[in-house]
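Below are the chains, spelled out letter by letter.
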Amino acid sequence: MTSTGAVVKKPGSTRNTKTGSWRTFKPIIDMDKCIDCENCYLFCPEGCINKEYEIDYDYCKGCGICATECPVKAVKMERE
Amino acid sequence: MVLKIATANRAVAEAAKLSNVNVIPVYPITPATSIAEYLAKFVADGEMDAEYVRVESEHSAMSVAIGASSTGARVFTATSSQGLALMHEVLFIAAGMRAPIVMANANRALSAPLSIWNDQQDSISERDSGWIQIYAENAQEALDFVIQSYRITEHPEVLLPAMVCLDGFILTHTVEPVDVPEKEVVSDFVSTYKPANAILDPENPMSIGTFTDPNYYMEARHDMYNAMINSKNIIRNVNKEFGEIFGREYDFVENYRCDDAEIIIVAMGSVCGTVKDVIDEIRREGEKVGLLKLRVFRPFPTDEINAVVKNADKIAVLDKNVSFDIGGALYNEIKAKLDVDAYGFIIGLGGRDVTPEHIRKIVKETKKPEKDVQWIGLREEEI
Amino acid sequence: MIEIRFHGRGGQGAVTAAEILAKAAFQDGKYSQAFPFFGVERRGAPVLAFSRIDDKPIRQRYQVYEPNYVIVQDDGLLKVVDVFSGLKKRGKVILNTKNSVEVKEEYDVYKIDATGIALDILGVPIVNTVMLGAFAAATGEVSLDSIIKIIKETFPGKIGEKNAEAAKIAYNQIKG
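What you see is a predicted model, and the numbers here were worked out from it, not measured in a lab.

(A) Focus on helix α4 (residues 81-96) of chain B. Residues and elements named next belong to chain B. With 16 residues, α4 ought to run about 22 Å at 1.5 Å a step, and its terminal C-alpha atoms sit 22 Å apart, in line with that. Largest kink in α4: about 60°, centred on His88. For α4, the secondary structure elements touched by its buried residues are α3 (58-69), β4 (76-79), β5 (102-107), α5 (121-124), β7 (162-167) and α8 (217-246). Phi for Arg98, located one or two positions after α4, is positive at around 60°.

(B) Spatial organisation of the sheet that holds strand β11 (residues 289-294) of chain B. All names here are of chain B. If you walk across this open sheet you meet the six strands as β9-β11-β10-β13-β14-β15, and the pairing is mixed. With partners counted over all chains shown, the strands left at the sheet margins are β9 (253-256) and β15 (373-375), one partner each. The mean inter-strand angle of the sheet, taken between neighbouring strand axes irrespective of direction, is 20°. Examined bridge by bridge, strand β14 (residues 342-346) and β15 share three bridges and lie parallel to one another. Bridge pairing links Phe345 to Gln374 in β15.

(C) Molecular detail of the environment of Pro25 of chain B. Tracing the backbone shows Pro25 of chain B in strand β2 (residues 23-26). Not counting residues within four places of it along the chain, the set of residues in contact with Pro25 of chain B comprises Val53, Ala61, Val64, Ala65, Val75, Phe76 and Thr77 of chain B.

(D) A look at the sheet that holds β4 of chain B. All names here are of chain B. Reading across from one edge, β4-β5-β7-β6-β12 is the order of the five strands in this open sheet, with mixed pairing throughout. Of all the strands in the sheet, just β4 and β12 (296-298) have a single pairing partner and so form its edges. Here the average twist between neighbouring strands, direction ignored, is 20°. Across the face of the sheet, helix α6 (residues 139-153) comes into contact with β4, β5, β6 (132-135) and β7 while running at roughly 170° to β7.

(E) Highlighting the interface of chain C and chain B. Between chain C and chain B, the residue contacts involve 20 residues of the former and 27 residues of the latter. Across the chain C to chain B interface the summed buried area is about 2000 Å²; carbon plus sulfur atoms make up 58%. Interface area lost by chain C to chain B is led by Phe26, Arg59 and Arg61 of chain C, which between them contribute 41%. Summed over the shared surface of chain C and chain B, the result is three salt bridges. Taking the shortest distance from any N to any O, the salt bridge between Asp277 of chain B and Arg59 of chain C comes out at 2.9 Å.

The rules behind the values
- Starting afresh in each chain, residues are numbered from 1 along the sequence in its written order.
- Each chain gets a letter, beginning with A, and each ligand a number, beginning with 1, in the order they are written.
- Residues qualify for local features only when their pLDDT is at least 70, as the model is predicted, and side-chain atom pairs are given and counted only at 80 or more; totals for whole chains, interfaces and linings, by contrast, use all residues.
- Note that water and hydrogens are dropped before the side-chain values are worked out from all heavy atoms of the structure.
- Working definition: helices are DSSP H or I runs of at least four residues, strands are E runs of at least two. Numbering for both runs from the N terminus.
- The length a helix should cover is 1.5 Å for every residue beyond the first.
- Bend is computed residue by residue as the angle between axes fitted to the seven residues ending at the residue and the seven residues starting at it.
- Contacts are assigned to residue pairs that have any heavy atoms within 4.5 Å of one another.
- Two strands are counted as paired when DSSP detects at least two bridges linking them.
- Angular values range over 0 to 180 degrees, each being the angle between N-to-C directions of two axes fitted as lines to C-alpha atoms, with helices fitted over their stretch in contact.
- Put simply, buried area is how much 1.4 Å-probe accessible surface two parts lose in total, over both of them, once they are put together.
- Each reported salt bridge corresponds to a side-chain nitrogen of Lys or Arg within 4 Å of a carboxyl oxygen of Asp or Glu.

Any functional reading would require information beyond the geometric quantities listed.
What follows is the structure in structure tokens.
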């Protein structure tokens, strides 16, 4: 037994859990419609959308908040 | 009688409803939360004529319970683990003020490390609070023991609160068939609480919860000690009457195939079901093994245990709790009170699943014991 | 004794499914038990639930390690968990998948697009009742009537009706 106090000494355990596999629906951004308002970037609870509107599908859980918040309906949720 | 399929939490809530409880001060905590939720629903739907008091912590829940009980109300609450630990000081006050409160405790491990899963460290750690403690093997027992507890706690010769312990998740969140008795029959059985002592009655004023100097404190504690001893007779009578009315007989202990057993396992709570199945298997292989299920932990039924285990060669005591350096609480009490060749096994802490292989290992280790206390089911690899 | 293990994700209703199955088996006149194994209680995280069905009262209290049947509510779990772990020889697997996933040959695998059915009928990707319809058809261990009765009790009103319809569609699809 090496884990006195059940401490985790190796960092990165959260990053190893690729929560992207939890998705039923996947967000797809239509850049032709996008007005660069940054709503999806701001509202994403997982920090999975960057300012270039690239989506990190390794960790995106498919919650769909980006699609709901997009004022011009540029984000479509497609079934995986 | 209505056979329902329900979780033990549901069964416990039904029992409180059937027992005509007047006041329910309760604070939610996993895995006891759904007891509070069912009761809230019963009250909101008008199925229960009770005062449901939402409080800000378990400490307050037990404080309100004492206050309500002191007005002569019948009180029920439920908690678990850290919630029970937070109640710690108030548990002693409830018992010391001789308030006949009944509480369900969903047994769960104590932090740290943080765990929401089952073991019995929480209630065992309140062993000396002056509460009667009864452990349920299944949802049916959880329901029956809550009903029985009102008759025991409110008896003038007892007046100590009672804790009905049910294993978290393993019972609280398992659905299984439960016989829910008829309302009228339970109402007759539990009757109404007629408080004579420690009651806030304007017609008959008395001071309760007083400051006690060294001239009186010890006598008050001695009264409690005697009340716990007296409770044995009351529990015995309530068991008998309950059996006659409801058709389910309970005793302080359950003797499962112990009469000719060379090795007897002693355990409390839900693990007893698994142990019984394993004993049936082992007996088919020709070995004489039995189970003594301890139902009542406080008062401690020394004579009843001794009557069952005295002829066995060896005793294996299972504890879902640990007192560091000396093993589980039940093991130590058996060693202290009985002249038997007993060995202690720590099992199932923090939700570690107790499998038939573990029980078989315990039987094997008891035959040729290497240590007084062993931990069963530890991971073998480094973590 | 029949033992069933449910693999799902938080929010897909695996725990409720195990309970509905136990209640339906009880409705059919059997003894039954259902319980969850809670891991991290978060939407989307892998969860386990178990049911046992028998002709006599069930006393045992440990998890199901050697199931007769496995219900997999999300094919994404195949990559994360060994859903076949301990599955009895010739055991049956009911798998929610839209795609043709490769699965080991020694098991009878019943594939169903439960997410598709749930989205069509319920409008949300909650597949538990759909999977129970498929389970009833694939195994015959529980009657569709009882499953539907308990679904309607569990979800009163219109939601119950729709869930019952979804279970029935799955049942008929597996029966072919």
